[in-house]
Structure formats: C-alpha cells, structure tokens
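# Residue-level structure breakdown
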Amino acid sequence: MPDAGYLTIGKVVKRLQGVYPDLTISKVRYLEDEGLLNPSRTPGGYRLYSQRDIKRLETILYLQKNRFLPLCVIKGELEREDAGEPSAVTAPAAEGSPVSPVDDETAGKFHPIDRMPEVAGVSVSFARQLSEVGVIALRRSPHGRDLVDGHDIGLIRTCNELRHYGIEPKNLRQYVNSANRESAMFEQALVVYAKKGGGVEAEVTDEARERFEQAFSRMLALTDSVRTELIRRLVHQSFKDMEG
C-alpha cells in the first residue's frame, strides 16, 4: 500500500497550478497516455503520484513552458535520464543566454570536425552547414584538418536543438547578417556609454573590462527582449488573422 507521500491526481494538479496555472487533470492524464508518466494505482484504479512522479511532471511542464520542447523530444530526454545518460537538451546558461554552457577544457582548444559527434552531439555535415552559412568559422590545421573552436560548441548544440522545430542552418543565415549589422551599433553605443559615464581610461584595467562586459551583457539582454516581443507580436497577429 502506498505511503502518505503519495498524492492523488487532483492534489498534484492543485499543488502545481501556482506555477503552471493552465495545468488540468485532463492534461496530466494525456501525458500519462503518451507514456511520459506512469503513476501507481490503488486496487480501485485511482492514480497515486509519488514524489518522483511529481518531480518528473514538473520537468515535463518546465520543458514545455520555458524551453518550448515538443513532447516527443521531452520523452526522449526522460528516457535518457532514466537510463542515466547525459542530457541532450540544451540547458540555460547565463541570464539572457540560452546557449549551452561548455566546460573550460572543451572550450579552451580546437577540435577536429570529425569529432563533432562525440564533442557536440552533432554530425560532421551539420557542423559544415553551420560553417557554410557563417554561424561558426572553421580553422585549418597545419596538417590540413578542419578544426572547430571549442567556444563554439555551445552554439552548435543550440543550433542543433532548433532543428527540432524545423529551423535548419540555412534559416540561420539571416541571423548572421543581422549580427554583422548590429555589432556596429553595439560598438558605437558602448563608446557613447563609456564617454557619458566618464569611463574612458588611458589604461585598460580589469575593473574597466568588467564594467564593459556588464554594460554589453545588459544591452544584449534588452535588445533581445525587444526583438523577442516584436516577433511574438507579429506571429500572434498572424495566427489571429488566420483564425479570423
């Protein structure tokens, strides 16, 4: 007989609705039907959720709400977790940047492109496609091998996750062009910011670099918010026009 740590489906929904107000009993049952949840049952057939089941449900809801992952991808992620395998889902890194974090050892060196399946979890051809559109830049070794900068591994993983939504490397060319244009705007803005704040110094110090990085990171976060809101507005309007 399950202990007192088990909850009925109604109590689980009530507990999680504070964070996920759209959660319903029907949705939890649907997740069960899709094979993502497998709660215990009483002899009378009532579902009973353990703390592990609730944690699993929270993971599913988080990946849906914050990472916008489809259920087929979430199911694969849960299966890897059950098998004790490393996550294939790009995890959020620093605030304002969803690019996967990379350990210092990986980031600090160049990797032969034929090792991308082991290092980045992507095919060699996918890495080459990213190079062709300008997302990453390959370096040629003295022995003629194409090398990938370790600092680009997180970006490669992020681009790979976008493929779950049908966004391929060729679709990212517009972002490369946009980044080339916007970089000049940021450079000019940082110069103006430094002058206004009296931050122009004859000698570049660690303190000055830190102020620069803080200002630059904040500018990126703010412009990303503006860009995201504008795109969200246009896409929502497009769906409204289709419904109308």
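For the structure, check the block above.
All of the points below concern the structure found in this document. (Residues numbered from 1 in each chain as written. Predicted model: local features only at pLDDT ≥ 70, side-chain atom pairs only at ≥ 80, totals over all residues. Heavy atoms only, no water.)

### Quick notes on the overall build of the protein chain
A count of helices and strands for the protein chain gives 10 helices and 6 strands. Put simply, the protein chain has 244 residues, and 30% of those count as buried. When contacts within the protein chain are restricted to residue pairs at least 6 apart in sequence, those whose partners lie at least 24 apart make up 57%. Carbon and sulfur atoms make up 53% of the accessible area of the protein chain, which totals about 16200 Å². (Helix = DSSP H or I, 4+ residues; strand = E, 2+ residues; numbered from the N terminus. Buried < 20%, exposed > 50% of the residue type's maximum accessible area, 1.4 Å probe, protein only. Contact = heavy atoms within 4.5 Å. Areas by Shrake-Rupley, 256 points an atom, 1.4 Å probe, with all protein chains shown as cover.)

### What about the sheet that holds strand S5 (residues 138-140)?
Read from one edge to the other, the open sheet built from 3 strands follows the order S4-S6-S5, with strand pairing classed as antiparallel. A strand with exactly one partner marks an edge of an open sheet, and here the two such strands are strand S4 (110-112) and S5. Adjacent strand axes in the sheet meet at a mean angle of 45 degrees when their direction is disregarded. Summarising the sheet, S4 and strand S6 (residues 146-149) pair through 3 bridges and their orientation is antiparallel. Its bridge partner being in S6, His111 is matched across the sheet by Val148. (Pairing = 2+ DSSP bridges. Axes fitted to C-alpha atoms, helices over the stretch in contact; angles between N-to-C directions.)

### A few points about a nonpolar patch on the surface
On the surface, a cluster of nonpolar side chains totalling about 530 Å² of accessible area is made up of Tyr175, Ile231, Val235, Phe239 and Met242. Following the sequence through the fold, Ile231 ends up in helix H10 (residues 206-243). (Patch = residues over 30% accessible without salt bridge, like charges linked within 9 Å, V, L, I, M, F, W, Y side chains within 5 Å. Salt bridge = Lys/Arg side-chain N within 4 Å of Asp/Glu carboxyl O.)

### Looking at the environment of Asp146
Looking at where Asp146 falls in the secondary structure, it is placed in strand S6. A sequence separation of 35 residues divides Asp146 from His111, and the C-alpha atoms of the two residues are 8.4 Å apart. For Asp146, the residues in contact, after removing those within four places along its chain, are His111, Pro112, Ile113, Arg128, Leu138, Arg139 and Arg140. Among the polar contacts listed, one links the side chain of Asp146 to the side chain of Arg140, at a separation of 2.8 Å. (Polar contact = N/O pair within 3.5 Å; in protein donor to acceptor, adjacent residues only side chain to side chain.)

### Comments concerning the packing of aromatic side chains
Tallied over the entire structure, the rule returns 1 aromatic pair. Summarising the aromatic geometry, the rings of Phe186 and Phe216 are spaced 5.8 Å apart at their centres and angled 70 degrees between planes, so their arrangement reads as edge-to-face. Of this pair, Phe186 sits in helix H9 (residues 173-196) while Phe216 sits in helix H10; the two residues are 30 residues apart in sequence, bridging distant segments of the chain. Among the residues examined, Phe186 registers a relative accessible area of 7% and is labelled buried. Judged by relative accessible area, Phe216 falls into the partly exposed class, the value being 25%. (Phe/Tyr/Trp six-rings, centres within 6.5 Å; stacked < 30°, edge-to-face > 60°.)

### A closer look at the pairing of S6
In regular strands, side chains alternate between the two faces of the sheet. In this structure, S5 lies alongside S6, joined through 3 bridges in antiparallel fashion. Directly across from Arg139, in S6, lies its bridge partner Leu147. Remark: 5 residues form the turn of the hairpin made by S5 and S6, two consecutive strands paired antiparallel; Gly144 in that turn has positive phi of roughly 85 degrees.

### Looking at the sheet that holds strand S3 (residues 47-49)
Read from one edge of the open sheet, 3 strands run S1-S3-S2, paired in antiparallel fashion. The open sheet has two free edges, formed respectively by strand S1 (7-8) and strand S2 (40-41), since each of these has just one partner strand.

### Points about the side chain of His111
Within the secondary structure, His111 is located in strand S4. Here the side chain of His111 touches Thr106 through a polar contact of 2.8 Å, landing on its backbone oxygen.

### With respect to the nonpolar core
Judged by nonpolar contacts, the single largest core of 22 residues is most densely connected at Val28, Leu57, Ile60 and Ile74. The element that contributes the greatest number of residues to this core is helix H3 (residues 51-65), accounting for 5 residues. (Core = buried A, V, L, I, M, F, W, Y, C linked by side-chain atoms within 4.5 Å.)

### Description of H3
Given a rise of 1.5 Å per residue, 15 residues ought to cover 21 Å, and the 21 Å separating the end C-alpha atoms of H3 matches this to within 8%. What H3 keeps buried is the set Asp53, Ile54, Arg56, Leu57, Ile60, Leu61 and Leu63. Tucked into the core, H3 has its buried residues touching S1, helix H1 (9-16), helix H2 (25-33), S2, S3 and helix H4 (71-82). (Expected span 1.5 Å × (residues − 1).)

Everything listed is a geometric property; what it means functionally is a separate question.
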